[in-house]
Amino acid sequence: MSYQSPLRTEVAAKYADEPRIDVVDLIPHAPSNALEIGCAAGATGRAVKDRYPGCRYTGIELDPGFCTQAATRIDRCIQCNLDEAGALGRRLEIGRAHV
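Residues numbered from 1 in each chain as written. Predicted model: local features only at pLDDT ≥ 70, side-chain atom pairs only at ≥ 80, totals over all residues. Heavy atoms only, no water.

**Digging into the pattern of salt bridges**
Our working rule: Put simply, a salt bridge is a Lys or Arg side-chain nitrogen that is within 4 Å of an Asp or Glu carboxyl oxygen. Strands are runs of DSSP state E lasting at least two residues, helices are runs of H or I lasting at least four, and both sets are numbered from the N terminus onward. Only protein chains enter the accessibility calculation, which uses a 1.4 Å probe; a residue whose area is less than 20% of its type maximum is buried, one above 50% is exposed, and one in between is partly exposed.
According to the stated counting rule, one finds five salt bridges in the structure shown. Among the ionic pairs, D17 bridges to R73, the shortest N-O distance being 2.6 Å. Taken together, the residues span a long stretch of sequence, with D17 in the loop between α1 (11-14) and α2 (21-24) and R73 in the loop between α4 (64-70) and β3 (76-79) at a distance of 56 residues. On the accessibility criterion, D17 (39% relative accessible area) is partly exposed. In this structure, D25 engages R51 in a salt bridge whose closest nitrogen and oxygen atoms are separated by 2.9 Å. Linking D25 in the loop between α2 and β1 (33-37) with R51 in helix α3 (residues 43-51), this pair joins segments that are 26 residues apart in sequence.

As structure tokens, then:
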């Protein structure tokens, strides 16, 4: 029997504008902050915020169009290519932490 991660999904489903409730269900208690790398249009982030209204949700998204839409659903969306950000030494300030 092999392990199948609940986070694995097909690319088409990943970028569909539907929340990943399977991922939201993995959160055991109300977080004060959440970070999603590759948040697309923010559907999963919105579902987290609906379930846990006090959560400050930040997304990082490569696609500027998705990031603009996500910014209307979550607290903050940073449009960024993390590979390039690391190469340039760019630090992203997220809450009290730095990435």
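**Digging into the environment of E18**
Keep this limit in mind: Should any heavy atoms of two residues lie within 4.5 Å, those residues are counted as being in contact.
Relative to the assigned elements, E18 resides in the loop between α1 and α2. We classify E18 as exposed; its relative accessible area is 54%. Between the alpha carbons of E18 and A47 there is a distance of 9.4 Å; along the sequence they are 29 residues apart. In contact with E18, not counting residues within four places along its chain, are A43 and T44.

**A closer look at the side chain of E61**
What counts is decided by this rule: N or O atoms within 3.5 Å of each other form a polar contact, as long as, within protein, one can give a hydrogen and the other can take it, and as long as residues adjacent in sequence are counted only when both atoms are side-chain atoms.
Within the fold, E61 resides in strand β2 (residues 56-61). Note on E61: relative accessible area 4%, which makes it buried. Separated by 3.3 Å, the side chain of E61 and the backbone nitrogen of C39 make a polar contact. With residues near it in sequence (within four places) discarded, E61 still touches G38, C39, A40, F66, C67, C77, I78, Q79 and C80.

**Observations concerning a nonpolar patch on the surface**
This is how it is decided: Patch building starts from residues that exceed 30% relative accessible area and form no salt bridge, then joins like charges within 9 Å and nonpolar side chains (Val, Leu, Ile, Met, Phe, Trp, Tyr) within 5 Å. Each accessible area is a Shrake-Rupley estimate made with a 1.4 Å probe; only the visible protein chains count as cover when residues are assessed.
On the surface, L35, I37 and L82 cluster together into a nonpolar patch covering about 250 Å² of accessible area. Along the chain, L82 falls in helix α5 (residues 82-88). By relative accessible area, L82 is classed as partly exposed at 30%.

**Focus on unusual backbone geometry**
Positive phi outside glycine occurs at A40, with the angle close to 50°. Topologically, A40 is positioned in the loop between β1 and α3.

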